[in-house]
Amino acid sequence: MKNRLIDLPNVRLTPLQERLREDKTRCLVCERRCVVDSGCYGFCGTKVNIDGKLYTIVYGDLSALESRPIEIKPFFHFWPGSTALTFSTWSCNFTCPWCQNWHLSRVKPDPFNANYVPPEKIVEKALGRDEGICVSFNEPLLLFEYSLDVFRLARSKGLYNTYVSNGYMTLEALRMLKDAGLDGLKIDVKGGREEYIKYNSANVDVVWRNAREALRMGIHVEIVYLMVTNATDREEVVVETIERHLSELGPETPIHFTRYYPAYRFHEPPTSVDKLEWAYETARKMGVYYPYIGNVPGHRYENTYCPECGEVLIKRYGMWVTKYRITEDKKCPRCGFRINIRGKYVKKSKLRIFFGF
Ligand code: SF4
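How each quantity is defined
- Residues numbered from 1 in each chain as written.
- Predicted model: local features only at pLDDT ≥ 70, side-chain atom pairs only at ≥ 80, totals over all residues.
- Heavy atoms only, no water.
- Helix = DSSP H or I, 4+ residues; strand = E, 2+ residues; numbered from the N terminus.
- Areas by Shrake-Rupley, 256 points an atom, 1.4 Å probe, with all protein chains shown as cover.
- Lys, Arg positive; Asp, Glu negative; His and termini not counted.
- Charge placed at Lys NZ, Arg CZ, Asp CG, Glu CD.
- Buried < 20%, exposed > 50% of the residue type's maximum accessible area, 1.4 Å probe, protein only.
- Pairing = 2+ DSSP bridges.
- Right-handed = clockwise from strand over helix to strand, strands pointing away.
- Salt bridge = Lys/Arg side-chain N within 4 Å of Asp/Glu carboxyl O.
- Near = heavy atom within 4 Å.
- Nonpolar A, V, L, I, M, F, W, Y, C, P; charged D, E, K, R; others polar.
- Core = buried A, V, L, I, M, F, W, Y, C linked by side-chain atoms within 4.5 Å.
- Contact = heavy atoms within 4.5 Å.
- Axes fitted to C-alpha atoms, helices over the stretch in contact; angles between N-to-C directions.
- Parallel < 35°, antiparallel > 145°, perpendicular 65-115°, else oblique.
- Left-handed = near helix turned anticlockwise from the far one by under 90°.
- Disulfide = S-S within 2.5 Å.

A. Representation of the overall build of the chain. In terms of regular secondary structure, the chain is built from nine helices and 17 strands. Seen through its C-alpha atoms, the chain measures out along the principal axes to roughly 65 × 45 × 35 Å. Roughly 14,800 Å² of accessible area belongs to the chain as shown, and the carbon and sulfur atoms make up 49% of that amount. In the chain, the 52 positive side-chain charges and the 43 negative ones have mean positions that sit 3 Å from each other.

B. The arrangement of the pairing of strand 11 (residues 184-189) in detail. Burial analysis of strand 11 places six of its six residues in the buried class, which makes it a mostly covered element. Every second residue of strand 11 is oriented toward a common face, with G184, K186 and D188 on one face and L185, I187 and V189 on the other, all of them buried. Looking at chain direction, strand 10 (residues 160-165) and strand 11 are connected through four bridges and run parallel. What sits directly across from V164, in strand 11, is K186. Handedness of the β-α-β unit built from strand 10, helix 5 (residues 171-180) and strand 11 comes out right-handed.

C. Examining unusual backbone geometry more closely. K73 connects to P74 through a cis peptide bond whose omega is -5°. Relative to the assigned elements, P74 resides in the loop between strand 7 (64-69) and strand 8 (83-88).

D. Examining the pattern of salt bridges more closely. On inspection of all chains with the given rule, the structure shows 25 salt bridges. Residue E248 is joined to R212 by a salt bridge in which the shortest nitrogen-to-oxygen separation is 2.8 Å. Of the two residues, E248 is situated in helix 8 (residues 235-249) and R212 in helix 7 (residues 204-216); the sequence distance between them amounts to 36 residues. For E248, a relative accessible area of 16% corresponds to the buried category.

E. Representation of the site of the ligand. Neighbouring the ligand are the residues C27, C30, R32, R33, C34, G42, F43, C44, K47 and N93. When grouped by side-chain class, the residues that make up the shell around the ligand number five nonpolar, two polar and three charged.

F. Highlighting the nonpolar core. In terms of nonpolar packing, the biggest core is built from 85 residues, with F87, I122, I133 and F257 touching the most fellow members. Those residues in contact with F257 that sit more than four places away from it in its chain are Y225, M227, V238, I242, L276, A279, Y280, A283, P291, Y292, I293 and G294. If you look at the next biggest cluster of nonpolar residues, it comprises twelve residues, including Y292, C306, Y324 and I339.

G. Layout of the sheet that holds strand 1 (residues 12-13). An order of 1-6-5 is seen for the three strands of this open sheet, with the pairing classed as antiparallel. Every other strand in the sheet has two partners, leaving strand 1 and strand 5 (47-50) as the edge strands with one partner each. Across two bridges, strand 1 lies against strand 6 (residues 53-56) in antiparallel orientation. By the bridge assignment for strand 6, R12 is matched with T56.

H. Seen up close, the sheet that holds strand 2 (residues 17-19). Here three strands make up an open sheet; going across it, the order is 2-3-4 and the pairing antiparallel. A strand with exactly one partner marks an edge of an open sheet, and here the two such strands are strand 2 and strand 4 (35-36). Where strand 2 meets strand 3 (residues 25-27), three bridges bridge the pair, whose relative direction is antiparallel. Within strand 3, the position partnered with R19 by the bridge is T25.

I. Region of the structure containing helix 5. Among all positions of helix 5, only L171, A173, L174, L177 and A180 are buried. Of the surrounding elements, those touching the buried residues of helix 5 are helix 4 (144-156), strand 10, strand 11 and helix 7. Immediately beyond the C-terminal end of helix 5, within one or two residues, lies G181, with a positive phi of roughly 125°.

J. Focus on the side chain of D233. For D233, the position within the fold is in the loop between strand 12 (220-227) and helix 8. Judged by its relative accessible area of 7%, D233 falls in the buried class. Other than its neighbours up to four places away in sequence, D233 contacts M227, V228, V238 and K275.

K. Representation of the packing of helix 8 against helix 9 (residues 273-286) in the model. Between helix 8 and helix 9, the least distance of the axes is 10 Å, while the angle of their chain directions is 40°. Taken together, the axis directions place helix 8 and helix 9 in an arrangement best described as oblique. Note on packing geometry: the crossing formed by helix 8 with helix 9 is right-handed. Along its contact with helix 8, which presents E235, V238, V239, I242, E243 and L246, the element helix 9 presents W278, A279, T282, A283 and M286. Counted by class, the contact of helix 8 with helix 9 contains eight nonpolar, one polar and two charged residues.

L. Just the side chain of N210, in detail. Tracing the sequence through the fold places N210 in helix 7. Among residues more than four places away in sequence, those in contact with N210 are G167, Y168, M169, L171, L174 and I187.

M. Looking closely at the state of the cysteines. Counting across every chain of the model gives zero disulfides. Here C309 stays free of any disulfide, with the sulfur of C332 as its closest cysteine sulfur at 3.7 Å. Exposure remark for C309: the relative accessible area of 27% places this residue in the partly exposed category.

Everything listed here is a matter of coordinates, which is why it stays silent on function.
Structure follows, in C-alpha cells:
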C-alpha cells in the first residue's frame, strides 16, 4: 500500500517541508504550517507523511480543465480580452461556509482514482488557443508542486501564468511561484480579523502581507472582496478593508466587490446591489482608482473609468469586453492619464472559448 502510493504519478515529494523529531514533518506550503505525523494527512488532505517525508497526492490530479476569459477570474487589468487555460484539483485549506465551488473544495482527493494530466499536456493544449494559464476553481496552492512545473514550461513558450487564490501561502511558496513564472495573482479577502478567525481559523495579516509582497516582486495583483450577507458585509469591516487596501497596495490596485449568492452551508439572501454600489462609491471616495462590482452583469460599475477625467476606458458585460479605448502606450485617450494595465488587449471570438477536457 505504502509503495503503491509513492509509485503513482500524482504523488510527488513537496519541496517545502521541515523534518521535526521522530517521523513528524512540518508542511511549509501554506501558513497553516501543519505538523503531520507519519501515515497522516495535513489539514487540506492533499499532503501525506510517508516515513517522515511529505508528499502531495494531487500532482496533476485535475477536477476541471477549461479555457476561460480572464475577466471571469476576475482580472480586469491583466491581458484584457484574453483567455487562460484554467484547471483545478480537489479540497481546500480554508473552510468558508459560503463556498461557491464547494463541489470541488469539499471533496477529499482519492490518489488511486486520480485524473492525472502531465504538465506538458496542459501547455500543449493552451498553445495556439489561449494566452495563458490559470489555476483556479478551488484553492490553487493545493497544486503548488504541479504549478511550478506547468508555469516553467508555460513561460518558456510565451504564455502567462495566474493564480486565483485565498492568498494564504508562505512567503517561501510565493517566491518559488514567482521564480517559476507567476505573473498575476488574484486574492480573495474574506473579511477583517474577526471574520478570518470565525470562519477560517486564519489570520488576515498573512493575506495582506502576501498581496503586498507579490506586488513588490512585480506580480500583477487584484483583490476581490465577496460581500457575504451578514458575514463580511458590515460597513466598518468594508471601510477597514479599503483602508488596508490603500495602505498596503496603493490606489492603482483594483478591488472588486462581488455579489454573494447562497451556497454550500450559507443561506442568507444574495448581497443587495445597493450595498455593492455603496462599497464601490466608498472605495472611490477614499481614493481607490479602480473599484468594481462583480456578479451584476451589465452594471455601469463593471466598466473601467479614467481616474483623472472619468472617461469610459473599458466597457464590459459580465466576462466580456465590449469596448476597449486605452491607447497602446496604456493611457487614457482623452487626458493622457497612465492606466495600470498588464499585457496586451486581445480581441477574440467568443466562440473560441469554453472548451473543457
Ligand atoms: S498546504 Fe495543506 S498540509 Fe500544507 S500547511 Fe497548508 S493545509 Fe497544511
